[in-house]
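Analysis of the macromolecular model
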Amino acid sequence: MTAIALTIAGSDSGGGAGIQADLKTFSALGVYGASVLTAITAQNTKGVTGVEDISSAMISAQMKAVFSDLNVSAVKIGMVSRVETIDTIASHLAGLNMPLILDPVMVATSGDRLLQEDAIETLRTRLLPLATLATPNLPEAALLSNKSVAGCREDMIHQAETILKTGVRAVLIKGGHGGGEDSTDILLDGETQHVFSMPRIETHNDHGTGCTLASAITANLALGYGLVDAIGLAKDYLQGALAAGRDLHVGNGHGPVHHFYRWWTA
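For every chain, the first residue of its written sequence is number 1, and the numbers climb from 1 along that sequence. The predicted nature of this model means local features are confined to residues of pLDDT at least 70 and side-chain atom pairs, given and counted, to a pLDDT of 80 or more, with totals for whole chains, interfaces and linings taken over all residues. Excluded from the side-chain calculations are hydrogens and water; all other atoms, namely the structure's heavy atoms, are used.

Section: the overall build of the chain
Per the secondary structure count, the chain includes 8 helices and 9 strands. Note on method: radius of gyration uses C-alpha positions; expected globular size equals 2.2 Å times residues raised to 0.38. What you see for the chain is a C-alpha radius of gyration of 17 Å, in line with the 18 Å of a compact globule of 266 residues. Along the first, second and third principal axes, the C-alpha set of the chain runs to 45 × 40 × 40 Å. Each residue is assigned to one of three classes by its accessible area relative to the maximum for its type, calculated with a 1.4 Å probe on protein chains only: buried under 20%, partly exposed between the two thresholds, exposed over 50%. The buried share among the 266 residues of the chain stands at 54%. Long-range pairs, those at least 24 residues apart, make up 67% of the contacts in the chain with a sequence separation of at least 6. Helical segments are the DSSP runs of H or I of at least four residues, strand segments are the runs of E of at least two, and each set is numbered from the N terminus. In what follows, a contact means two residues having at least one pair of non-hydrogen atoms within 4.5 Å.

Comments concerning the environment of L188
Looking at the element boundaries, L188 is found in strand β8 (residues 182–188). Measuring from C-alpha to C-alpha, the distance between L188 and A160 comes to 6.6 Å, with 28 residues separating the pair along the chain. Not counting residues within four places of it along the chain, the set of residues in contact with L188 comprises I157, A160, E161, L164, R169, A170, V171 and Q193.

Focus on the environment of E52
Locating E52 in the fold gives a position in strand β3 (residues 47–53). Of the residues examined, E52 reaches a relative accessible area of 56% and is grouped as exposed. For the pair formed by E52 and A42, sequence separation is 10 residues and the distance between their alpha carbons is 8.6 Å. For E52, the contacting residues outside a window of four places in its chain are A39 and I40.

Notes on the packing of aromatic side chains
Between the rings of Phe, Tyr and Trp (Trp by its six-membered ring), a pair exists once the centres lie within 6.5 Å; its type follows the angle of the planes, with under 30 degrees stacked, over 60 edge-to-face, and the other angles tilted. For the structure on display, the rule yields 2 aromatic pairs. With centroids separated by 6.3 Å and ring planes inclined at 75 degrees, the aromatic side chains of F260 and W263 adopt a geometry described as edge-to-face. F260 sits in the partly exposed class, given a relative accessible area of 24%.

Regarding a nonpolar patch on the surface
The patches described consist of residues with a relative accessible area above 30% and no salt bridge, like charges being joined within 9 Å and nonpolar side chains (Val, Leu, Ile, Met, Phe, Trp, Tyr) within 5 Å. Accessible surface area values rest on a Shrake-Rupley calculation with a 1.4 Å probe, where residue burial reflects the displayed protein chains alone. Put simply, a salt bridge is a Lys or Arg side-chain nitrogen that is within 4 Å of an Asp or Glu carboxyl oxygen. On the surface, L223, Y225 and L233 cluster together to form a nonpolar patch covering roughly 260 Å² of accessible area. Judged by its relative accessible area of 41%, Y225 is partly exposed.

A word on the packing of helix α1 (residues 18–28) against helix α7 (residues 209–222)
Relative orientation and spacing of two packed helices are given, respectively, by the angle between their axes and the distance between those axes. An axis is simply a line fitted to the C-alpha atoms; with a helix, the fit covers only the stretch in contact. Between two such axes, the angle follows the N-to-C directions and lies from 0 to 180 degrees. Two elements in contact, α1 and α7, have axes whose closest approach is 9 Å; the angle formed by their N-to-C orientations is 40 degrees. Between α1 and α7, the angle falls in the class oblique. As α1 packs across α7, the resulting crossing turns out to be right-handed. Taking contact as the criterion, the partners of G18, A21, D22, T25 and F26 in α1 are, on α7, C211, T212, S215, A216, T218 and A219. The classification used treats Ala, Val, Leu, Ile, Met, Phe, Trp, Tyr, Cys and Pro as nonpolar, Asp, Glu, Lys and Arg as charged, and all other residues, Gly among them, as polar. A per-class count over the contact of α1 with α7 returns 5 nonpolar, 5 polar and 1 charged. Should an angle lie under 35 degrees it is considered roughly parallel, over 145 roughly antiparallel, and from 65 to 115 roughly perpendicular; all remaining angles are considered oblique. Take the far helix as the reference: if the near one is turned anticlockwise from it by less than a right angle, the crossing is left-handed, and if turned clockwise, right-handed.

This is how it looks when you write it as structure tokens:
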């Protein structure tokens, strides 16, 4: 059967993050991508200049259309922006027996806020308990755990343990915002711990890295890989996309990673 993954996220008009990055990643990894749009952003490599939320009724209609016809194997949730959106998504996903990957998009690479302040608690209580895996970066993990940004591996582990208490089955805290020669992510599921380290790649083209990693994990789960292998393969893919992305010339700010580096060179 054709592996199908669904992304529920916002649109990036610049093409480097959000729905666009998710669908590119699904395609690059051999998975058919479907989408539910939650918001439209006016965005480019330099920042976000506008956000317009999609109505709850339209989000619901999109989800009904997808699930009534397509045999979805895994779901990735990205930008959800507000309480009403989260409630609508949660009501449709409750009871589904498939991997749900939650990338808690709160702030864009440019620093622009993408999740309303009053929606953070709703994210904790409505979506995290449904998720197979949450993939916060260091600032997002700090917000979700009500702590300061982690400065060491022990802090990351403590924050992951706090987030696990929401009911999410596993947490992958990403260390890309940290320092050092390596970028280290830590996975906790309440019983085991796995560490994923990659040499840090110096590049100005890092827009959409979080979306790309989460959607690559989702694609690999849709293909039938277990969670640890799905993450490891996704990390390998992102590392290649970051390295190849250094040669892309897209925009004048933080450019995108190269999602199709295995097919064409910049």
